[in-house]
Amino acid sequence: MKYSLILATGMALGLAACNQPQETLASTEEPATGEADVATIPMTADAGAQTGTGTGVVTAIDPDAGTITVDHGPIPGVGWPAMTMRFTASPAVAESAETGERIAFDVSVRDGVNEITAIRPE
Ligand SMILES: [Cu+2]
């Protein structure tokens, strides 16, 4: 319950904050598919969230649960050593990865929620 409220509030704030630069940012990422334009934008300007960029290998994807498991290297931006862990991801982001693929990704850490906000092939 508490988790959902925090997530919903964060998403609302994120959407509001990213309303303006959304168009230009989206064009630098993968081609927009309609549903992907909001979800794949790195929320680097989101106050209260720590952000970082990492690289690693996708070991599992669960689009229904909205998670991606990545065996990743150190991520100095959020103070993490190398490890294998599960991240939250929007359906659009989850679908942009493949199991076994080597990726670079943006991560946002806020209120204990570790979310991959963008994925690029490495
Ligand atoms: Cu980790």
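Residues numbered from 1 in each chain as written. Predicted model: local features only at pLDDT ≥ 70, side-chain atom pairs only at ≥ 80, totals over all residues. Heavy atoms only, no water.

Here the focus is the coordination of the copper ion. For the copper ion, the full set of protein donor atoms is H72 (NE2), M83 (SD) and M85 (SD), at a range of 1.9 to 2.6 Å. Linear spacing of the donor residues for the copper ion on their chain is H-x10-M-x1-M. Within this pair, whereas H72 is found in strand β2 (residues 67-72), its partner M85 is found in strand β3 (residues 83-89), the two being separated by 13 residues in sequence. Across the pair, M85 and H72 agree in class, each one buried. (Donors = N, O, S within 2.8 Å, 3.2 Å for Na, K, Ca; no water. Helix = DSSP H or I, 4+ residues; strand = E, 2+ residues; numbered from the N terminus. Buried < 20%, exposed > 50% of the residue type's maximum accessible area, 1.4 Å probe, protein only.)

So, about the sheet that holds strand β4 (residues 102-110). The 5 strands lie next to each other as β1-β2-β3-β5-β4, forming a closed barrel whose pairing is mixed. Recorded for the sheet is a direction-independent mean angle of 55° between the axes of neighbouring strands. Taken together, the 6 bridges between β2 and β3 define a ladder with antiparallel strand orientation. Bridging from a neighbouring strand, I68 pairs with F87 of β3. (Pairing = 2+ DSSP bridges. Axes fitted to C-alpha atoms, helices over the stretch in contact; angles between N-to-C directions.)

In this section: the confidence of the model for the protein. Averaged over every residue, the pLDDT of the protein is 76; the share at 70 or more is 61%. Within the protein, helix α2 (residues 22-28) has the poorest average pLDDT of any element, 43, and β2 the best, 98. (pLDDT = per-residue confidence, 0-100.)

So, about the nonpolar core. Within the largest apolar cluster, 18 residues are counted, with the highest numbers of intra-cluster contacts made by I68, W80, F87, F105, V107 and I119. For this core, the leading source of residues is β4, giving 4 residues. Excluding residues within four positions of it along the chain, I68 makes contact with V58, A60, I61, M85, R86, F87, A89, V93, A94 and I119. (Core = buried A, V, L, I, M, F, W, Y, C linked by side-chain atoms within 4.5 Å. Contact = heavy atoms within 4.5 Å.)

We now examine the packing of aromatic side chains. This model, assessed by the stated rule, comprises 2 aromatic pairs. Centroid distance W80 to F87: 6.0 Å. Interplanar angle 45°. Geometry classified as tilted. Using a relative accessible area of 17% as the deciding quantity, one classes W80 as buried. Under the relative-accessibility criterion, F87 is labelled buried at 1%. Here the aromatic residues W80, F87 and F105 are joined through ring pairs into a cluster of three or more. (Phe/Tyr/Trp six-rings, centres within 6.5 Å; stacked < 30°, edge-to-face > 60°.)

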